[in-house]
Amino acid sequence: MKKTGYLHDSMYLLHDTGPYHPEMADRLTAIYKGIEKAGLLDQLTLIPAIRADIKWIETVHTSEYIRRFEEVCLSGNRTFDYPDNQMCTDTYETAFLAAGGVLDVCRRVMTGEIDNAFCAVRPPGHHAEQNEAMGFCYLNNVAIATRYLQMEHGIKRVGVVDFDVHHGNGTQHIFEKDPTVFYYSIHQHPSFTFPGTGREFEKGEDEGQGYTLNSVVLPGQGDDVYQKMIQRDLLPAFERFKPEIILVSTGFDGHMDDDMSDVNLTTKGYSWIMETIVKLGGLYAKGRVISVLEGGYCLDRLGELAENHVRILLNG
Amino acid sequence: MFVSQSMVSKVITIDKDASVFEAQEKMASNGIRHLPIVNSEDILIGIITDRDIRSTMPYRLIKETGSAKEREKLAGLKVKDIMTQDPQTIDLTYTIQDALLMIQKKKVGAFPVVDDNGKLKGILSIRDLLRAFINVLGIGEPGTLVGIEVTERVGQLKKIVDAVTEENISLGSVLVARTWDEGKRAVFPYLLTNNVVRIKKKLSDLGYKLIDPMKWSLDRIPKKP
Ligand SMILES: [Zn+2]
C-alpha cells in the first residue's frame, strides 16, 4: 500500500461564499465524512494547512493582482473581479493556506515522506488567471505547485490532468507557451458551459504548441465517452511527454447528480479516470501523483467520490 | 452599427501597373486576400483577390510544368489585366447588417468601403464582421449559455431578463431563434457566470421549459404541431 497524504484543515472552511453559493464549506466536510466513514483516515497521512510564501504565488500571479486581491478582500468587499467570486475577509488568507498546503504536499512527495496525495482545499484554483479571479478561483493552486516543483525540486516536465467538468482556463493560459508543462483537460463542451474556453483546436501557443490538449464532452454523455477520449488523447500524449510528476485538477462536478453540468459521469466512471491517472503516474512519474480539489458540488455524492479517490491513491 | 466602426481603415492597396507576382507577394506578406486599386486621387478603380491570381496562374504552371515562354508571359502580366473593375462597394453609412446581407447575396469575401466621391476609405472583410459578431455574442468573456423555450407572447423576454437580474447575473448577450415550434421561440441568454443552478431552477419554477442542450439551434426548421 502507498503512503498517501490527505491535506485537510478546518481553516479551509473559513472562506465564506455567503448563502446559496455552490462553492461552500460543506463540500470539504462531506469529503472528510466520506473518508472517515469508510475507515480510511488511519491509513492516510493527515497533512495540515500551511501558509504559502508569497514568492511562490508570484511565480504565477502578478504582484499587482495579489495586492489587489488583498485590498479588495480586507476592505470587506463581498465579490472580486466577477459577481461569481463571493468572498469574506478571510478569503485572502484561506487562499494562501490552500496554495501553501499544496506546496507542502509537493515537498513531502519530493522528499519521499509520502508517495502521493489528495489535497482537499478551498478556494479552488484552475479558473484563476495570472491577473484575474474567475469562477470561484483566486489563486491557481496547481499552477503555483507546478512552478514550485520546477524551481525548488528541479522537476523538468510536469503533467497536469484536469478532469473538472469545466475547462481550466487559468492553468491553460498560464502554461500555453511553455513546453515544460503539459496541460490536458477533459470537460463539457465550452459552447454549453462555463467558461467558454478549452476548444479542441486550442493546442498551445508558440514554444508550447502541442503541450496543451483539450477533450470536449457533449451534454448527456458519460463514462464511455470519457474513457474513449482519455484513451485516445491523454494516454498517447503522456507516453510522448513522459511527465516526471502528475498534478491532477480534481473536479467532481461532472457527476450525473451534480447540477453544475449536463454530463453524466457515474461514481464508477470517476474511479476509472483516477485509476488511469494513477497508472500513468506509475508508468512515468515514479508514482508521484498529487490531486488538488477544484469543483464538485453535489454534497450527497462527494463523500463516496472522495472515498474512492483516496482508496485508488492508497492502492496506487 | 456602421461599417466604418468595424472596417480596416489603413487599407493596403496596389498600383494598377504592378505585376501580378508583386500583388501575390503583397497579399502573402500581409496575410490578406484582397487588394484594392486606386488612382492618384484615391478613387477606387478595381480590386484584385487571391482567387483572381490563383485562377490566372495555377501554382503548377509556374513552379513545374510551365514553359519558359509561358512563365515570361505571366511575369509580364499586370494587375490591371486581371483586376475586377468597378467592384461592388459599400458606403461608409452602411450598417453591419447591410454588409452581412450583402456578403451572403453577392458571395464575396470583402467589400471596399467608399465615400460619396468614390474615394477608398476602408475595407470590410468577413473576418471583420466575425470579430463584430463574436463581440455581440459575448463569447469572449467567461459565461454559460442557457436555452429556454418561450411562447410567442408579449413580455416573455422581460420576465427572463428580470429573473436573471434578480439573481444578480450579468447578461453577455441574448440570442433569439425565430424559427422554432409553431407559436414558440427559443431564447438563449449568455450568462456571465459559472453559477447557473439557481437561475435554471428559477426559470423552471416560472414555467419555462429549458431546452436540452443537444437540441439547441439558432435556425432550425419549424415543426408544425
Ligand atoms: Zn468545475
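Use the structure listed above.
We now turn to the structure provided with this report. (Residues numbered from 1 in each chain as written. Chains lettered and ligands numbered in written order. Predicted model: local features only at pLDDT ≥ 70, side-chain atom pairs only at ≥ 80, totals over all residues. Heavy atoms only, no water.)

## As for the overall build of chain B
Just so we agree on the cut-off: By the criteria applied, helices consist of DSSP H or I runs no shorter than four residues and strands consist of E runs no shorter than two, each listed in order from the N terminus. We compute the radius of gyration from the C-alpha atoms alone; for a globule the expected value is 2.2 Å times N to the 0.38, where N is the number of residues. For every residue, the accessible area obtained with a 1.4 Å probe (protein chains only) is divided by the maximum for its type, and the residue is called buried under 20%, exposed over 50%, and partly exposed between those limits. Residues are treated as being in contact if the distance between any of their heavy atoms lies within 4.5 Å.
A count of helical and extended segments in chain B gives 10 helices and 11 strands. What you see for chain B is a C-alpha radius of gyration of 25 Å, clearly larger than the 17 Å of a compact globule of 225 residues, by over 25%. The burial tally for chain B puts 39% of its 225 residues in the buried class. Contacts in chain B between residues far apart in sequence, at least 24 positions, make up 64% of those at least 6 positions apart.

## Some words on the sheet that holds strand 2 (residues 44-49) of chain B
Residue and element names in this part refer to chain B. Just so we agree on the cut-off: Note on pairing: DSSP must find at least two bridges between two strands before they are called paired.
If you walk across this open sheet you meet the 3 strands as 1-2-3, and the pairing is antiparallel. Each having just a single partner strand, strand 1 (34-38) and strand 3 (84-85) make up the two edges of the open sheet. By the bridge criterion, 5 bridges tie strand 1 to strand 2 in an arrangement that is antiparallel. In the strand pairing of strand 2, His34 is matched with Thr49.

## Quick look at the interface of chain A and chain B
Condition: As used here, buried area is the combined drop in accessible area, with a 1.4 Å probe, of two parts when they are placed together. Here a salt bridge means any side-chain nitrogen of Lys or Arg lying within 4 Å of a carboxyl oxygen belonging to Asp or Glu. Here a polar contact is recorded for every N or O atom pair within 3.5 Å, except that within protein the pair must consist of a potential hydrogen donor and a potential acceptor, and residues adjacent in sequence are included only if both atoms are side-chain atoms. In the scheme used here, Gly and all other residues not listed as nonpolar or charged are polar, with Ala, Val, Leu, Ile, Met, Phe, Trp, Tyr, Cys and Pro taken as nonpolar and Asp, Glu, Lys and Arg as charged.
Counting residues at the interface gives 22 residues for chain A and 16 residues for chain B. For the chain A face of the interface with chain B, the top three residues by lost area are Tyr20, Phe192 and Phe194 of chain A, together amounting to 28%. Here Lys200 of chain B makes a salt bridge to Asp262 of chain A, at a shortest N to O gap of 3.7 Å. For the interface between chain A and chain B, the tally reads 4 residue pairs in polar contact (both at pLDDT 80 or more). Here the residues of the side of chain A that touches chain B are counted per class, giving 12 nonpolar, 7 polar and 3 charged.

## Some details on the coordination of the zinc ion
Residues and elements named next belong to chain A. As a reminder, the rule being used: Each metal's donors are the N, O and S atoms found within 2.8 Å of it, except that Na, K and Ca use a 3.2 Å limit; water is left out, so coordination can look incomplete.
Taken together, Asp164 (OD), Asp164 (OD), His166 (ND1) and Asp253 (OD) make up the full set of protein donors to the zinc ion, lying 2.0 to 2.7 Å away. Here the donor residues for the zinc ion map to a single chain with the spacing D-x1-H-x86-D. For the residue pair Asp164 and His166, the accessibility class agrees, reading buried in each case.

## Notes on the pattern of salt bridges
Under the criterion given, the structure shown has 30 salt bridges over all chains. Where Glu149 of chain B meets Lys209 of chain B, a salt bridge forms, and the shortest distance between an N and an O atom there is 3.6 Å. Linking Glu149 of chain B in strand 8 (residues 148-151) with Lys209 of chain B in strand 11 (residues 209-210), this pair joins segments that are 60 residues apart in sequence. In this structure, a network of salt bridges that share partners links the residues Asp104, Arg107, Arg108 and Glu113 of chain A.

## Points about the packing of aromatic side chains
Under the convention used in this document: The pairing test for Phe, Tyr and Trp rings, Trp by its six-membered ring, is centres within 6.5 Å, and the orientation test on the planes gives stacked under 30 degrees, edge-to-face over 60, and tilted for anything in between. Criterion for a charge above a ring: Lys NZ or Arg CZ within 6 Å of the ring centre, and within 35 degrees of the ring normal.
For the coordinates displayed, the defined rule picks out 20 aromatic pairs over all chains. Between Tyr65 of chain A and Phe69 of chain A, the ring centres sit 6.4 Å apart and the planes meet at 25 degrees, which makes this aromatic pair stacked. Separated by 4 residues within a single helix, Tyr65 of chain A and Phe69 of chain A lie in helix 3 (residues 63-74), roughly one turn from each other. Tyr65 of chain A gets classed as buried once you look at its relative accessible area, which sits at 0%. Where Tyr211 of chain A meets Phe241 of chain A, the ring centres are 5.9 Å apart and the plane angle is 70 degrees; that geometry is what we call edge-to-face. Within this pair, whereas Tyr211 of chain A is found in the loop between strand 7 (181-188) and strand 8 (212-217), its partner Phe241 of chain A is found in helix 7 (residues 223-241), the two being separated by 30 residues in sequence. Members of the aromatic cluster, connected to one another through ring pairs, are Tyr65, Phe69, Phe80, Tyr92, Phe96 and Tyr138 of chain A. Against the face of Tyr20 of chain A rests Arg198 of chain B, its NZ or CZ located 4.3 Å from the ring centre.

## Regarding unusual backbone geometry
Note: most peptide bonds trans; most residues except glycine with negative phi. All names here are of chain A. Between Arg122 and the following residue, Pro123, the backbone shows a cis peptide bond with an omega angle of -15 degrees. A cis amide bond links Phe194 to the next residue, Pro195, at an omega of -5 degrees. Its location among the elements puts Pro195 in the loop between strand 7 and strand 8. Positive phi values are uncommon outside glycine, yet Phe136 reaches one of about 75 degrees.

## Topic: the environment of Trp180 of chain B
Residues and elements named next belong to chain B. Within the element layout of this structure, Trp180 appears in the loop between strand 9 (171-177) and strand 10 (184-191). The spatial distance from the C-alpha of Trp180 to the C-alpha of Val150 is 9.7 Å, given a sequence separation of 30 residues. Engagement of the side chain of Trp180 in a polar contact is seen with the side chain of Glu149, the distance being 3.2 Å.

## Side note on the state of the cysteines
All names here are of chain A. Operational definition: Sulfur atoms of two cysteines make up a disulfide when they are within 2.5 Å.
Summed over all chains, the structure comprises 0 disulfides over all chains. Note on Cys88: no disulfide assigned, nearest cysteine sulfur contributed by Cys73 at a separation of 6.5 Å. What makes Cys88 buried here is its relative accessible area of 11%. Its sulfur unpaired, Cys137 is 15 Å from the next cysteine sulfur, which belongs to Cys119. Accessibility expressed as a relative area gives 0% for Cys137, which makes it buried.

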